[in-house]
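# Structure assessment
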Amino acid sequence: GGLRGASIVDSLDTLHIMGMQEEFEEAKSWVEKELDMNSNGEASLFEVNIRYVGGLLSAYYLTGEEVFKKKAIELGEKLLPVFNTPTGIPRGVINLGSGASWSWGWASAGSSILAEFGTLHLEFVHLTEVTGNPTYSEKVMNIRKVLNKIEKPHGLYPNFLSPVTGNWVQHHVSIGGLGDSFYEYLIKSYLMSDKRDEQAKKMYYDALKAIETNLVQKSPGGLTYIAEWRGGILDHKMGHLACFSGGMIGIGADDGEPEQRKHYMDLAAEITHTCHESYARTATKLGPEAFRFDSGEEATATRMSDRYYILRPEVVESYMYMWRLTHDPKYREWGWEAVQALEKYCRVDKGFTGIRDVYTTSPSHDNMQQSFFLAETLK
């Protein structure tokens, strides 16, 4: 969106954690001198928040260097006009220069997207923390207020909401793209608040119950997956993006009702296993963008348009959390399989690239290294 250096900012904390001090200093100097916030392009509120605000805050917390804090605050201020809607639910796109905001052209009837407006509160609570200005925190708590007030079909959160009326625009529910990180941020907000944020806790466990009741399915071959829901009709597909949910359910297991804790750990393990199967059943041992459970196929992409892999982190993220939570060695082995596959099929001269078809051992490269590869997958 006119902002430059996404890969630099997104990978600051990875460089620091990995002890790559020289590169980190170079990146810091770029942030100090070159990171220009006054662009007039159209920026995604969600992407700017998780990559730039998140990247800068992480770097600040890890190093205490004031430049990162200063830039994060400067950017935070530029994002505030996006909340100027009748409901306070932000629109998806903002011009950082003028402060004008609008909804994505492809989003249903000018609506805002659950995963986008629902994935702000970790960073915004911390903007309040580092500035002492309550506005940031208030903006995101208001989003929760709107969501709590509105009627939810079967307790589920649809993906599209009108920022004007505060009503759902269509009843499509997904734990993958368009929905995913809203749920992740609820449980992480609770954990990050030192378990004081009771509202986040309640919203998370209520949502998880509704997901289990309505979306969690078992395939004929015994694989547990989370289907998508379209106005009450299940679509038996799971996206790579939805594979973060194994790790999410795992980290949330301990704080559920005591009699549910083992159940949640089992569910987390089953979903993570299914996501591993989506990798294991390909020629490259890397998973497709989406995989289906219908007409005899299981954990396999049946459409050509779902067969690509763009260096996404969600599956290995679940391995990492499950390893930390259980110390079952299989999760490390699965992670190592992914590393070897990345080296074999995605490494090129100048970095790593996505591939267009995970089901062929001579895949064509998409010639792009997404910033989240450095910020998330490698970590």
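Residues numbered from 1 in each chain as written. Predicted model: local features only at pLDDT ≥ 70, side-chain atom pairs only at ≥ 80, totals over all residues. Heavy atoms only, no water.

Under an unreviewed UniProt entry, the name given to the protein is alpha-1,2-Mannosidase, and the source organism is Polyodon spathula. In its Sequence similarities (unreviewed entry) section, the UniProt entry covering the protein states "Belongs to the glycosyl hydrolase 47 family." According to the UniProt record, the Pathway (unreviewed entry) comment for the protein is "Protein modification; protein glycosylation." (UniProt positions renumbered as here; feature names shortened; annotations may be inferred.)

## Describing the overall build of the protein
For the protein, the count of helices and strands is 15 helices and 15 strands. In summary, the protein has a C-alpha radius of gyration of 20 Å against a globular reference of 21 Å for 379 residues, a match within 12%. Reported as C-alpha extents along the three principal axes, the dimensions of the protein are approximately 55 × 50 × 40 Å. In the protein, which comprises 379 residues, the share counted as buried stands at 57%. Contacts in the protein between residues far apart in sequence, at least 24 positions, make up 63% of those at least 6 positions apart. Surface exposure of the protein reaches about 16,200 Å², of which carbon and sulfur atoms provide 50%. Both charge centroids of the protein, one from 39 positive and one from 51 negative side chains, sit 2 Å from each other. (Helix = DSSP H or I, 4+ residues; strand = E, 2+ residues; numbered from the N terminus. Rg over C-alpha atoms; globule rule 2.2 N^0.38 Å. Buried < 20%, exposed > 50% of the residue type's maximum accessible area, 1.4 Å probe, protein only. Contact = heavy atoms within 4.5 Å. Areas by Shrake-Rupley, 256 points an atom, 1.4 Å probe, with all protein chains shown as cover. Lys, Arg positive; Asp, Glu negative; His and termini not counted. Charge placed at Lys NZ, Arg CZ, Asp CG, Glu CD.)

## Observations regarding the pattern of salt bridges
Summed over the entire model, instances satisfying the criterion amount to 23 salt bridges. We note a salt bridge from lysine 188 to glutamate 184, for which the minimum N-O separation is 2.7 Å. Within this pair, lysine 188 and its partner glutamate 184 are both found in helix 9 (residues 180-192), separated by 4 residues, close to a single helical turn. As far as burial versus exposure is concerned, lysine 188 and glutamate 184 are alike and both buried. In this structure, lysine 218 engages glutamate 270 in a salt bridge whose closest nitrogen and oxygen atoms are separated by 3.6 Å. Here glutamate 270 lies in helix 12 (residues 261-280) and lysine 218 lies in strand 8 (residues 216-218), a separation of 52 residues in the sequence. (Salt bridge = Lys/Arg side-chain N within 4 Å of Asp/Glu carboxyl O.)

## Considering the sheet that holds strand 4 (residues 112-113)
Pairing is antiparallel in the open sheet, where 3 strands are placed in the order 4-5-6. Edge positions in the sheet fall to strand 4 and strand 6 (168-170), since each of these pairs with one other strand and no more. As judged from the 2 bridges shared by strand 5 (residues 160-161) and strand 6, these two strands associate in the antiparallel manner. Among the inter-strand pairings, leucine 161 is bridged to a residue of strand 6, identified as tryptophan 168. (Pairing = 2+ DSSP bridges.)

## With respect to the packing of aromatic side chains
What the rule picks out here adds up to 17 aromatic pairs. Ring plane angle 65° and centroid distance 5.0 Å describe the contact between phenylalanine 182 and tyrosine 183, whose orientation is recorded as edge-to-face. Each member of the pair, phenylalanine 182 together with tyrosine 183, is buried. Here the aromatic residues Tyr157, Trp168, Phe182 and Tyr183 are joined through ring pairs into a cluster of three or more. The lysine or arginine in question, arginine 332, covers the ring of tryptophan 323, its NZ or CZ lying 4.7 Å from the ring centre. (Phe/Tyr/Trp six-rings, centres within 6.5 Å; stacked < 30°, edge-to-face > 60°. Lys NZ or Arg CZ within 6 Å of the ring centre and 35° of its normal.)

## Looking at the layout of surface pockets
A probe as big as a water molecule, rolled over the atoms, marks out the empty space that is left. Space inside the second largest pocket adds up to approximately 220 Å³. Lining the second largest pocket we find 16 residues, and of these Lys237, Gly239, Glu289, Ala290 and Asp306 sit closest to its centre. For the lining of the second largest pocket, the residue count by class is 4 nonpolar, 7 polar and 5 charged. (1 Å grid on protein atoms, 1.4 Å probe; cavity = no way out; pocket = protein on both sides within 12 Å on 5 of 7 lines; lining within 4 Å. Points joined across faces, edges and corners; volume = space filled by probe spheres on them. Nonpolar A, V, L, I, M, F, W, Y, C, P; charged D, E, K, R; others polar.)

## Re the sheet that holds strand 10 (residues 228-230)
An order of 7-10-11 is seen for the 3 strands of this open sheet, with the pairing classed as antiparallel. At either end of the open sheet lies a strand with only one pairing partner, and these are strand 7 (172-173) and strand 11 (233-235). The pairing of strand 7 with strand 10 spans 2 bridges and is antiparallel. Bridging across to strand 10, histidine 172 finds its partner in arginine 230.

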